[in-house]
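Observations on the three-dimensional arrangement
If you want the building blocks of each chain, they are given just below.
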Number of protein chains: 2
Amino acid sequence: MPTIVAVDIGGTQMRAASYNTERLEPIKQKKIPTLASEPGGMDRLIQVIEEVWPKDGIVEAIGLGSPGPLDPHTGYLLAPPNNPLWHNFPLAPNIMKHFGVKAYLDNDANLAGLAEYRFGAGKGHHNLLYFTVSTGIGTGVIIEDRLLQGYHGLAAELGHMIVDPNGPPCSCGFNGHLESFSSGPAIVKYVLGELESGTRSSLKRDGTITPREVAEAAHQGDVLAIKAYQRAGEYLGIGVATLLHAFDPSIVVFGGGVSQVGSLLFDPFNDSLKKHVFHPRYLEGLVITRAKLGDDAGLLGARALAEMKLKP
Amino acid sequence: MPTIVAVDIGGTQMRAASYNTERLEPIKQKKIPTLASEPGGMDRLIQVIEEVWPKDGIVEAIGLGSPGPLDPHTGYLLAPPNNPLWHNFPLAPNIMKHFGVKAYLDNDANLAGLAEYRFGAGKGHHNLLYFTVSTGIGTGVIIEDRLLQGYHGLAAELGHMIVDPNGPPCSCGFNGHLESFSSGPAIVKYVLGELESGTRSSLKRDGTITPREVAEAAHQGDVLAIKAYQRAGEYLGIGVATLLHAFDPSIVVFGGGVSQVGSLLFDPFNDSLKKHVFHPRYLEGLVITRAKLGDDAGLLGARALAEMKLKP
């Protein structure tokens, strides 16, 4: 029975699992700390892969997921922000060389989108848009059953779409990106700015507030906190409207911590989306839903990538 | 030798041509007035197709291009603005029934993009973005050698991407679309607005000025006219930056009358694109160029659509 090995390299943990392609559940799985700033990362990665390697030794392919930017065509990490030792690093080629098995790499958001399409909320759909709304905004796009990667492998970076050229700075340094309006830090930053301008609120201006605390204040009726999520949802609706005009998917899937606040974000999002879509037909039969796979999305996406590359 | 029949239904002319799939030049071609507001359009369409029909009678497929909105999956025209008699009209099914040959439909901008990819400026590229900048802004997208159509067949409507939610109204009635900043009418409208506010210019505030006249004034050094194209180019750069982040193409092809003004539009466009792309890698090896096929793009696109559907 052919085995796929999947690896999810996260900020804090490296996870590996081996899969029989007939079943969703892994045969074996293992996780270890990533320790990105310490040397020996490659040895640790090889070790965690070896721990899930099948007894018969027969592995068809290895799928690898990591935060970007990276090049899925060459398998190189370019400049992962949390991993200073792995800049311009031949991750997939090294793994391929060590194990003598084909290895494929893509970024965590693309792979989470691919996983939701194959195994999660998007099963049965052919055109899917995936968003993770969290510390940043990551996205993955499936078009006619294929993962959108692009010429340089940098497609579907939709957290960095420009939704208002005069908007606030994004984590990447550019202005007015969707992420600079609708991510967790953007919500907090907006609250702090308004507090500084003297807006009244139950939230304290001490620089340590979290998106969750803003959500809690909103549930208690705090007007500023409600407005902060409204603004995030409005811009998310503007961004997704443009993306419907671009990709015309049949499903939009939301994952990530910020998306878990529910109606606080998604009521204004839905209003904004309806307001900004320029033809009602885009919304006919469109499913807007929550991600299903949670923490397993990274591993299942790496697995799906390997399976996809084996059977194009 | 298999023959493809291609039809381009424009606002003023219906054109038809028959192609041997081995050669770029048509075997026969013919054009007649569209006369969209007069009854009998279907008869005229059938007649022009019959005039290019091959002597041996063997046609593999018919490709049809028309202004949208339309549904390429069903072959129905939905609500073409210039053709009030063909709303919700089964164009491809009617043609298929009459000729007993498979018929495929898509919109003019998608097909011009497909034609440039197959036969024109985009030959050899696999990921292409096509823009026609004219009375409106139409776009077509090729991803990994496939035409992007979307779930409802409404993908790649990128003239209607939102580049500034507080921007001016678009022809579609919604605000802040790329078309409302960078199309020909948008350039004229900006000039008229500035003239009304008292800005000095050699251009006369008589409501009849054209984008070409604005370009001529700009070439004579008229500051307002230069600024009008600068603004159009800047927003075009913002829009294309977001689309690089979305699609990551290897080539962007510009057609349409407004794009023929050259550096007046494309110098500010290039500056804006460089300024707004959030990672320099998107620009590595990226080709930005002019369309090659001119008036033949519609016919060649309809031909390419039929060939694509025959050999998926």
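Residues numbered from 1 in each chain as written. Chains lettered and ligands numbered in written order. Predicted model: local features only at pLDDT ≥ 70, side-chain atom pairs only at ≥ 80, totals over all residues.

1. Focus: the overall build of chain A
Going by this rule: Note on conventions: DSSP H or I runs of at least 4 residues are helices, E runs of at least 2 residues are strands, and numbering of each starts at the N terminus. Only C-alpha atoms enter the radius of gyration; for comparison, a globular chain is expected to reach 2.2 Å times N to the power 0.38, where N is the number of residues. Residue burial here comes from a neighbour count, namely the number of other C-beta atoms, placed from the backbone, that lie within 10 Å of the residue's own C-beta, with 20 or more meaning buried, 12 or fewer meaning exposed, and in between meaning partly exposed. Remark: residues whose backbone-derived C-beta atoms lie within 7 Å of one another are considered to be in contact.
Within chain A one finds nine helices and twelve strands. Over its C-alpha trace chain A gives a radius of gyration of 20 Å, about what one expects of a compact globule, namely 20 Å for 312 residues. Considered along the principal axes of its C-alpha atoms, chain A spans approximately 65 × 45 × 35 Å. Of all 312 residues assigned to chain A, the portion counted as buried reaches 54%. Taking all contacts inside chain A whose residues are at least 6 apart in sequence as the whole, residues at least 24 apart take part in 62%.

2. Some details on the domain arrangement of chain A
For interface size, the figure often reported is the accessible area lost on association. Residue and element names in this part refer to chain A. So the rule is basically this: Delimitation of the domains relies on an automatic or database domain assignment. Three classes are used: nonpolar for Ala, Val, Leu, Ile, Met, Phe, Trp, Tyr, Cys and Pro, charged for Asp, Glu, Lys and Arg, and polar for all others, with Gly counted as polar.
Structurally, chain A comprises domain 1 (3-113 + 295-310) and domain 2 (123-291). Computed over C-alpha atoms, the centres of domain 1 and domain 2 are 28 Å apart. Looking at the side of domain 1 that touches domain 2, the elements with two or more residues in it are α3 (108-119) and α9 (297-310). The biggest single contributor to the side of domain 1 that touches domain 2 is α3, with five residues. For the side of domain 1 that touches domain 2, a count of residues per class yields six nonpolar, three polar and two charged.

3. Points about the relation of the copies chain A and chain B
Using the following cut-off: In this comparison the copies share one frame, found by least squares on the C-alpha atoms of residues holding pLDDT of at least 70 in both.
Overlaying chain A with chain B gives an RMSD of 0.0 Å, the required rotation being 180 degrees about an axis along which the chain moves by 0.0 Å. Taken together, the rotation and translation relating the two chain copies correspond to the operation of a two-fold axis. No C-alpha of chain A approaches the rotation axis more nearly than that of A:D164, which lies at 2.5 Å. Of the residues that chain A buries at the interface, 100% are likewise interface residues in chain B, meaning the two copies contact each other through the same surface.

4. Quick look at the interface of chain A and chain B
Counting from both sides, the interface comprises 37 residues of chain A and, opposite them, 37 residues of chain B. Here the element with the most residues in the side of chain A that touches chain B is helix α7 (residues 223-247) of chain A; it accounts for six residues. Tallied by class, residues from the side of chain A that touches chain B come to 21 nonpolar, nine polar and seven charged.

5. Focus: the sheet that holds strand β3 (residues 28-33) of chain B
Strand pairing in a sheet relies on backbone hydrogen bonds. The paired strands run either parallel or antiparallel. Residue and element names in this part refer to chain B. To keep it simple, the criterion reads: One requirement defines pairing of two strands: DSSP has to find at least two bridges between them. Note on method: axes are straight lines fitted to C-alpha atoms, helices fitted across the in-contact stretch only, with angles between N-to-C directions ranging 0 to 180 degrees.
Pairing within the open sheet is mixed, and its five strands lie in the order β3-β2-β1-β4-β7. Two strands close off the open sheet at either side, each with one partner strand: β3 and β7 (103-107). Direction aside, neighbouring strands of the sheet carry axes that sit 15 degrees apart on average. Relative to β7, strand β4 (residues 59-66) runs parallel, the two sharing five bridges. Its bridge partner lying in β7, S66 is registered against N107.

6. So, the sheet that holds strand β8 (residues 128-133) of chain B
Residues and elements named next belong to chain B. With mixed pairing, the five strands of this open sheet are ordered in space as β10-β9-β8-β11-β12. Because the sheet does not close on itself, it has two edges, and the strands there are β10 (146-147) and β12 (287-290). Two strands pair when backbone bridges link them, and strand β11 (residues 251-255) and β12 are joined in this way by four bridges, in the parallel orientation. Considered in β12, the bridge of V253 is made with T289.

7. What to know about the environment of B:K227
Tracing the backbone shows B:K227 in helix α7 (residues 223-247). Sequence separation of B:K227 and B:G262 is 35 residues, and the distance between their C-alpha atoms is 15 Å.

8. Examining the packing of α3(A) against α9(A)
Residues and elements named next belong to chain A. Stated precisely, the cut-off is as follows: Orientation labels follow simple angle bins: below 35 degrees gives roughly parallel, above 145 gives roughly antiparallel, 65 to 115 gives roughly perpendicular, and whatever is left gives oblique.
Two numbers describe how α3 lies on α9: the axes approach to 7 Å, and their chain directions differ by 80 degrees. Considered as vectors, α3 and α9 are oriented roughly perpendicular to each other. Taken together, the residues of α9 that come into contact with α3 (itself represented by D108, L111, A112, L114, A115, E116, R118 and F119) are A297, G298, L300, G301, A302, A304 and L305. Looking at side-chain class alone, the contact of α3 with α9 contains ten nonpolar, two polar and three charged residues.

9. Structural notes on helix α8 (residues 263-276) of chain B
Residues and elements named next belong to chain B. The test is simple: Helix span, expected: 1.5 Å multiplied by one less than the number of residues in the helix. Picture the helix axis, draw a direction to every C-beta atom, and the arc is the one those directions span.
For α8, built from 14 residues, the straight-helix expectation of 20 Å at 1.5 Å per residue is met to within 8% by its first-to-last C-alpha distance of 19 Å. Taken residue by residue, α8 has L264, L265, P268, F269, S272, L273 and H276 as its buried positions. One face of α8 carries all of its buried residues, which in axial projection span an arc of 140 degrees. Turned more than 90 degrees off the buried face of α8, the exposed positions are S263 and K274. Check the buried side of α8 and you find it contacts α6 (211-219) and α7.

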